[in-house]
Amino acid sequence: MNPETFLVLFSVAALEALLSGDNALVLAVMVRPLPTHLRRKALFYGVLGAYLLRGLALLFAVYVIRLWWVQVLGGLYLLFLMLQHFRDHPEAKPLPEATAREFWRVVLLINLVDLAFAVDSILAVVAFSKDLLLVFLGVALGILFIRLAAGYVVAVMERYPSLEKVAYALVGWAGVKLLLEGSATLAELLHRPELAWHLPKPAFWGVTFLILLGGSLLALRKHA
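Residues numbered from 1 in each chain as written. Predicted model: local features only at pLDDT ≥ 70, side-chain atom pairs only at ≥ 80, totals over all residues. Heavy atoms only, no water.

If you look the protein chain up in an unreviewed UniProt entry, it shows as TerC family protein from Thermus brevis. The UniProt entry for the protein chain carries this comment under Subcellular location (unreviewed entry): "Membrane". Of the comments in the UniProt record for the protein chain, the one headed Sequence similarities (unreviewed entry) reads "Belongs to the TerC family." (UniProt positions renumbered as here; feature names shortened; annotations may be inferred.)

Student: Would you explain the pattern of salt bridges in this entry?
Tutor: Side-chain pairs of opposite charge can arise where the charged atoms are in close proximity. Inspection of every chain in the model, using the stated rule, returns one salt bridge. For E164, the salt bridge goes to R32, with nearest N and O atoms at 3.2 Å. Of the two residues, E164 sits in helix 8 (residues 163-189) while R32 sits in the loop between helix 2 (21-31) and helix 3 (36-59), which places them 132 residues apart along the sequence. One exposure class covers both E164 and R32, and it is buried. (Salt bridge = Lys/Arg side-chain N within 4 Å of Asp/Glu carboxyl O. Helix = DSSP H or I, 4+ residues; strand = E, 2+ residues; numbered from the N terminus. Buried < 20%, exposed > 50% of the residue type's maximum accessible area, 1.4 Å probe, protein only.)

Student: Looking at this model, I keep getting lost on the packing of helix 2 against helix 3. Mind explaining?
Tutor: Two packed helices can be described by the angle between their axes and the distance between those axes. Across the interface, helix 2 lies against helix 3 with an axial gap of 10 Å and an inter-helix angle of 145°. In the crossing of helix 2 with helix 3, the sense of the turn from one axis to the other is right-handed. Within the contact between the two elements, helix 2 uses N23, L27 and V31 and helix 3 uses R39, A42, L43, G46 and R54. When its residues are assigned to classes, the contact of helix 2 with helix 3 shows four nonpolar, two polar and two charged. (Axes fitted to C-alpha atoms, helices over the stretch in contact; angles between N-to-C directions. Left-handed = near helix turned anticlockwise from the far one by under 90°. Contact = heavy atoms within 4.5 Å. Nonpolar A, V, L, I, M, F, W, Y, C, P; charged D, E, K, R; others polar.)

Student: Explanation requested: helix 2 in the structure shown.
Tutor: Note that an α-helix has 3.6 residues per turn; residues three or four places apart therefore point the same way. Burial analysis of helix 2 places ten of its eleven residues in the buried class, the great majority of the element. Within helix 2 the residues assigned to the buried category are D22, N23, A24, L25, V26, L27, A28, V29, M30 and V31.

Student: I tried to follow a nonpolar patch on the surface on my own but got confused; where do I start?
Tutor: Together, L52, L56, L59 and F60 make up an exposed nonpolar region whose accessible area comes to about 410 Å². As for its placement among the helices and strands, L52 is situated in helix 3. Judged by its relative accessible area of 55%, L52 is exposed. (Patch = residues over 30% accessible without salt bridge, like charges linked within 9 Å, V, L, I, M, F, W, Y side chains within 5 Å. Areas by Shrake-Rupley, 256 points an atom, 1.4 Å probe, with all protein chains shown as cover.)

Student: I'm lost on the nonpolar core in this one. Help?
Tutor: The nonpolar side chains of a soluble globular protein tend to be buried with one another. Of all hydrophobic cores here, the largest spans 43 residues; its most connected members are V26, M30, L78 and F117. Within the residue set of this core, elements represented by two or more residues are helix 2, helix 3, helix 5 (68-88), helix 6 (100-128), helix 7 (132-159) and helix 8. Apart from residues lying up to four places away in sequence, V26 is in contact with L78, V113, F117 and V171. (Core = buried A, V, L, I, M, F, W, Y, C linked by side-chain atoms within 4.5 Å.)

Pasting the structure below:
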């Protein structure tokens, strides 16, 4: 592997990891209600789904852009998760026992959200490099970040339960991003750019940072 190839591989992996940060957070929030012994299993299936769906998205990248409705549905579901959390004020209690149906429902929802994030990230990754093998390797390395980050986020929320509200606020914000990107994709397909609602990357990351910093300071102060 020459230095240029290594640089491309590292860049694709880093880009996928950055684009998948909100995906990792969503995974952590979605497995949080499960009993501890089932969380790792659900995360495993979620990451397995992420590999499969991103692999298929890479192979059919030309058609992925047409799945604007997946982004819209994914965004609406994430907003629903946030609103439900703040409406009900749940007490971060693991289920005493998760039935097979409850467990597999969580796994199914995780993979549906994975698909929405695959549409979100794969087009940017493909645009970065045309070498399919390098892109596959880079995406595979990037998805490892999802698993590591999701497990870490779950552990942090266990230690500081007040941070759960920050996590749900970020999940809702990720939902807004998916909704806007889905509408922009639809506008592009209809050749009606005036209908597109774009969310500039600096704006997205700026608001993300404010939610994370401000919410974390308030949550940690409350915990103290």
